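# Summary of the model geometry
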Amino acid sequence: YKDHLWFSLRRRNENEGAEPSFYFEIAPEYYSYGMGAWDLPPVTMAKLRARIDRDPKPLEKLARRMERQGEFALEGRQYKRPKGDPGSLLSPWYNRKSIAISRDENCGGLLFQPELAEQVIQGFRFLKPYYEYLFSLAGDPTPEGM
């Protein structure tokens, strides 16, 4: 018996879980949707930190955009010991083992309404720049010391 159902949208990749994907999940007490990169290898997160150190402006723009909205939240496992401090805006991104941006809703509201599809589509459109940013990390050089 499974009490949660979910689906994900991702590019076909031999390294399943090593890239971000969009998802929708339904459970008895909530539904959730968003974008995440849960099983990124440590080298990918090191690439993220190196990119932030090298050129923080693009992620600063995305982080400010995230702060201005009230629907999605940044989530993901954090390191017990911070890897560094790029400032209060980027530190939540810098010090994670995995990254997800999600929206959780109770089972009322739009869940059983046709408007749910449009809500999810608009949410995925909002998340697309975050997806692209994380997806592009694969092309970055491996940081020294890895």
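Preceding block: the structure.
Report on the accompanying structure. Please read these numbers as outputs of a predicted model, since none were measured by experiment.

Position of Gln-69 among the secondary structure elements: in the loop between helix H2 (57-68) and strand S4 (73-75). A polar contact of 2.9 Å, which involves the side chain of Gln-69, links it to the backbone oxygen of Met-66. Within polar-contact distance, the side chain of Gln-69 engages the backbone nitrogen of Phe-72 at 2.7 Å.

A few words now on the pairing of strand S3 (residues 30-37). Among the 8 residues that make up S3, 7 are buried, leaving the element largely enclosed by the rest of the structure. The pairing of strand S2 (residues 21-26) with S3 spans 6 bridges and is classified as antiparallel. Within S3, the position partnered with Ile-26 by the bridge is Tyr-31. If you look at the hairpin formed by S2 and S3, you'll find 3 residues sitting between the two strands. Alignment of S3 against strand S5 (residues 99-106), held across 8 bridges, turns out to be antiparallel. What sits directly across from Ser-32, in S5, is Asp-104.

A word on the side chain of Arg-96. Within the element layout of this structure, Arg-96 appears in the loop between helix H3 (91-94) and S5. Among buried charged residues, Arg-96 stands out as having no salt bridge; its nearest opposite-charge side chain is Glu-75, 8.1 Å away. Among the polar contacts made by the side chain of Arg-96, one reaches the main-chain carbonyl oxygen of Gly-76 at a distance of 2.6 Å. Of note is the side chain of Arg-96, whose polar atom sits 2.7 Å from the backbone oxygen of Pro-92. The contact partners of Arg-96, leaving out residues within four places of it in the chain, are Met-45, Leu-74, Glu-75, Gly-76, Arg-77, Gln-78 and Tyr-79.

All right, on to the environment of Ile-101 then. Among the structural elements, Ile-101 can be located in strand S5. Residue classification places Ile-101 among the buried positions, given a relative accessible area of 0%. C-alpha separation for the pair Ile-101 and Glu-75, spaced 26 residues apart in sequence, amounts to 5.9 Å. Among all residues touching Ile-101, those that are not within four sequence positions of it are Tyr-33, Gly-34, Met-35, Met-66, Phe-72, Ala-73, Leu-74, Trp-93, Leu-127 and Tyr-130.

Cut-off values and rules
- Residues numbered from 1 in each chain as written.
- Predicted model: local features only at pLDDT ≥ 70, side-chain atom pairs only at ≥ 80, totals over all residues.
- Heavy atoms only, no water.
- Helix = DSSP H or I, 4+ residues; strand = E, 2+ residues; numbered from the N terminus.
- Polar contact = N/O pair within 3.5 Å; in protein donor to acceptor, adjacent residues only side chain to side chain.
- Buried < 20%, exposed > 50% of the residue type's maximum accessible area, 1.4 Å probe, protein only.
- Pairing = 2+ DSSP bridges.
- Lys, Arg positive; Asp, Glu negative; His and termini not counted.
- Salt bridge = Lys/Arg side-chain N within 4 Å of Asp/Glu carboxyl O.
- Contact = heavy atoms within 4.5 Å.

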